[in-house]
Amino acid sequence: MKVGLYEQLVRAGATRRDLLKGAASMAAIAAASGAGLGALTRPAAAADDLRSKILQIPGVGKGQPTDADFQKVGELCLEATKANVKEGEFAGVELTFMGLNNQNLHNVLFRGFLKPWEAYTGAKISWIDLAQADYNARLQQSIATGTVDFDIIEMGAPFEGDVCGKGLTSEMPDWVKKQIDFDDLVNYLKPPVGTWNGKQYRVTIDGDAHNFNYRTDVFADADLAKAWKESGATTEWGVPKTWQEVQAVTKFLKGKQFKGQDVYGYLDAPKPWGGFGFYFLGSRASAYAKHPDDKAWLFDADTMKPRINNPAWVRAIQDVIDALPSEPPDQINADPNTTGFQQFLAGTGSMIPWWGDIGSNVKTNDSSVIGDVTGFSILPGSDDVYNSKTGQWDKLASGPNYSPNCAYLGWGVYVMARVDSDAKKQKAAWSAAAHLGGKDLSLWCAAYPSGFQPYRNSHFNIPEWVAAGYDEAFITSYLKSEADSYNHPNAAIEPRIPGIFQYYSAAEDILANTFAGKMKAQEGADAIAAAWEKLTDQIGRENQIKLYKASLGV
């Protein structure tokens, strides 16, 4: 289809499925209406707005975006590149890009976004696609063997200690900062995130904090409310606000039916996931373990002694063990992709924590059946919080303790130092990174399934989302849960220290055996603590203490 016709049809409100019928079919539909395409066209002023234009590709509720949509968005967002690069300037340059192919997101989208960039600049990109569970192992192998075989990498801030700290990345040029409107990032993603030794290395393309996703229809159901009361509950039936309530609801729903189907409460993700699954235990633990008077929660800041085996973390581990019998059959083999995309979006389970992906996917993913019945909040709190300094559980005068888990600090695009010896290749690599981190393109990624969530101040403009097709109450709830997580004064912050995914991976393996009943909660936690102590000694305790304190701001 010609670009002009595509744009005309999109402005006219044509759906993706209409477009799939083809241009001839659309023209026939318009002619048959007696009005013609011109009568369907919206006011020209709306079409002049790039942001509103790309948010109509394909339009919320009009089907899941396709590769053609990715390419169209990439093409429409090329103006910023053209301001810094002449047409054909990178002819002959070949770049290798390593990133995720996760749920057909990440690299799959990047390919589409960068196709028009390749056509304009003349550069060519080859791709290294990794499953989430393979990512850490592949990256660590490249670092350990000194065989970095990629020019650009999609990477999270937790790896900056391993990669930037070893001098493997290229420093961001000033023109890139201007192209991507660096100052638009939300505060918690600004430096020191993305920097190492004061130098800027990352183009941020994601936020990342776990929020709480729940089924509004389940928690508004009168029959369940009646059964809840008859069970002897002393509280009203409703969305849990604390982990104690999450546990009670999950156990109550075992064996219950809702709309003729089995209904379940919380969905745990016990299966290892390349270290990334540890975040889901962290989201159960943060309200127990992150005291408002103490910035640390994973390690003691002065000694790097692990806290994973203190009473707070052991309570979180025991919660998983206790809840699994009330969750769907074979939940022990569910990883986070299973809970988010195969269970919750498909209508199984009524509560999960996840990164912000769920919010855009419930409305725009073809597999979602819960687009009209999903609500959001920050992670549940706890009636009490463990104080590592006194060894006591505290009840706060202000009520439950809340501590959103700012897990992973978001994905970014980094350019590797190996391109620095070739000025043309270096500029090409940074131009590609800047295109993917562009302000307008980023809004589209936040609104549609991409693997990324809102992370810029400009992403919190509710009228833009409403114009794209989101209903106002839904998007207000979603964006509030994101902003409240980012800005919470007691947020649990990710430690940017070397080897952090070695710590997480070691924990995952031991936790899998613990959740399977081979170890008690305390035994598993003690085994993780012992493994973490070994890692700290191997990496260098004094330097780890210094970097951990820096990441906490103490």
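If you're wondering where the values come from, they're calculated on a predicted model, not measured in any experiment.

Cut-offs used in this document
- Residues numbered from 1 in each chain as written.
- Predicted model: local features only at pLDDT ≥ 70, side-chain atom pairs only at ≥ 80, totals over all residues.
- Heavy atoms only, no water.
- Helix = DSSP H or I, 4+ residues; strand = E, 2+ residues; numbered from the N terminus.
- Buried < 20%, exposed > 50% of the residue type's maximum accessible area, 1.4 Å probe, protein only.
- Phe/Tyr/Trp six-rings, centres within 6.5 Å; stacked < 30°, edge-to-face > 60°.
- Pairing = 2+ DSSP bridges.
- Axes fitted to C-alpha atoms, helices over the stretch in contact; angles between N-to-C directions.
- Contact = heavy atoms within 4.5 Å.
- Salt bridge = Lys/Arg side-chain N within 4 Å of Asp/Glu carboxyl O.
- Core = buried A, V, L, I, M, F, W, Y, C linked by side-chain atoms within 4.5 Å.
- Right-handed = clockwise from strand over helix to strand, strands pointing away.
- Expected span 1.5 Å × (residues − 1).
- Polar contact = N/O pair within 3.5 Å; in protein donor to acceptor, adjacent residues only side chain to side chain.

Peer 1: I'd like to hear about unusual backbone geometry, residue by residue, with values.
Peer 2: The amide bond that connects Ile 57 to the next residue, Pro 58, takes the cis arrangement and shows omega of 0°. Considering the arrangement of structural elements, one finds Pro 58 in the loop between α5 (50-54) and α6 (67-76). Cis geometry marks the peptide bond from Pro 191 to Pro 192, where omega comes out at 20°. In this model, Tyr 408 sits at a positive phi of 85°, which is unusual for a non-glycine residue. Tracing the backbone shows Tyr 408 in the loop between β14 (405-406) and β15 (411-415). A positive phi angle is found at Leu 409, which is not glycine, with a value near 60°. Tracing the sequence through the fold places Leu 409 in the loop between β14 and β15. By relative accessible area, Leu 409 is classed as buried at 3%.

Peer 1: Talk me through the packing of aromatic side chains; I want residue IDs and the actual numbers.
Peer 2: Here the structure, examined in full by the defined rule, presents 50 aromatic pairs. A centroid spacing of 5.4 Å and a plane angle of 90° characterise the contact between Phe 280 and Trp 355, whose relative ring orientation is edge-to-face. Of this pair, Phe 280 sits in helix α14 (residues 278-289) while Trp 355 sits in the loop between β10 (351-354) and α17 (357-364); the two residues are 75 residues apart in sequence, bridging distant segments of the chain. Like Trp 355, Phe 280 is buried. Here Tyr 503 and Trp 532 contribute two aromatic rings whose centre-to-centre distance is 5.7 Å and whose plane-to-plane angle is 85°, an arrangement assigned as edge-to-face. Here Tyr 503 is found in helix α22 (residues 500-515), whereas its partner Trp 532 is found in helix α23 (residues 521-539), with 29 residues between them in sequence. This pair shows no difference in class: Tyr 503 is buried, exactly as Trp 532 is.

Peer 1: Help me get a handle on the sheet that holds strand β6 (residues 202-204), residues and values and all.
Peer 2: Ordered in space as β2-β1-β3-β15-β6, the five strands form an open sheet in which the pairing is mixed. In the strand order of this sheet, the two ends are held by β2 (124-130) and β6, each with one partner. Averaged over neighbouring strand pairs, the angle between their axes works out to 30° when direction is ignored. Along the sheet, helix α9 (residues 132-145) makes contact with β1 (94-100), β2, β3 (152-156) and β15, crossing β3 at roughly 110°.

Peer 1: Can you tell me about the pattern of salt bridges, naming the residues and giving the values?
Peer 2: Applying the stated criterion across every chain, the model contains 26 salt bridges. The shortest N-O distance in the salt bridge between Glu 464 and Arg 51 comes to 2.7 Å. Note that Glu 464 is positioned in helix α20 (residues 462-468) and Arg 51 in helix α5, a separation of 413 residues in sequence. In this structure Arg 51 comes out as buried when scored by relative accessible area, which is 13%. Measuring nitrogen to oxygen at the nearest pair gives 2.9 Å for the salt bridge that ties Lys 549 to Asp 302. Placement of Lys 549 in helix α24 (residues 541-552) and of Asp 302 in the loop between α14 and α15 (311-323) is noted, with a sequence separation of 247 residues between them.

Peer 1: Outline the nonpolar core, supporting the account with residue identities and numerical values.
Peer 2: As a rule of thumb, soluble globular proteins bury nonpolar side chains together. Counting residues in each nonpolar core, the largest one holds 162 residues, and the members touching the most others are Phe 113, Tyr 135, Leu 139, Phe 278 and Trp 444. Among all residues touching Trp 444, those that are not within four sequence positions of it are Ile 54, Leu 55, Ile 57, Pro 65, Phe 70, Val 73, Leu 109 and Phe 113.

Peer 1: Give a description of the pairing of β2 that names residues and reports values.
Peer 2: Looking at chain direction, β1 and β2 are connected through seven bridges and run parallel. Counted as the bridge partner of Glu 94 is Lys 124 from β2. One crossover worth recording links β1 to the parallel β2 by way of helix α8 (residues 107-121), and it is right-handed.

Peer 1: Go over α24, please, and point to the residues and values.
Peer 2: Here α24 contains 12 residues, and its C-alpha end-to-end distance of 16 Å stays within 8% of the 16 Å for a straight helix at 1.5 Å per residue. Among the residues of α24, Gln 544, Ile 545, Leu 547, Tyr 548, Ser 551 and Leu 552 are the ones counted as buried. Here the buried face of α24 lies against β4 (195-196), β16 (492-493), α22 and α23. At the exit of α24 stands Gly 553, carrying a positive phi of roughly 75°.

Peer 1: I'd like a rundown of the side chain of Ser 142, residues and numbers included.
Peer 2: When you line up the elements, Ser 142 lands in helix α9. At 2.7 Å, the side chain of Ser 142 and the side chain of Arg 138 are in polar contact.

Peer 1: Residues and numbers for the sheet that holds strand β11 (residues 374-377), please.
Peer 2: Pairing in this open sheet of three strands is antiparallel, and the strands run β10-β7-β11 from one edge to the other. Edge strands, defined here as strands with exactly one partner in the open sheet, are β10 and β11. Averaged over all pairs of adjacent strands, the angle between their axes in this sheet comes to 30°, without regard to strand direction. Here strand β7 (residues 211-215) runs beside β10; their pairing, made up of four bridges, is antiparallel. Bridging across to β10, Asn 213 finds its partner in Ile 352.

Peer 1: Outline the environment of Leu 114, supporting the account with residue identities and numerical values.
Peer 2: Inspection of the secondary structure puts Leu 114 in helix α8. Taking the relative accessible area as the measure of exposure, Leu 114 reaches 0% and is therefore buried.

Peer 1: Describe α9, with residues and values.
Peer 2: Since the α-helix turns once every 3.6 residues, residues separated by three or four places project in the same direction. Given a rise of 1.5 Å per residue, 14 residues ought to cover 20 Å, and the 21 Å separating the end C-alpha atoms of α9 matches this to within 8%. Listed as buried for α9 are Gln 132, Tyr 135, Asn 136, Arg 138, Leu 139, Gln 140, Ser 142 and Ile 143. Its buried side turned inward, α9 meets β1, β2, β3, α10 (160-163), β15 and α22. The first or second residue beyond α9 is Gly 146, which carries a positive phi of 65°.

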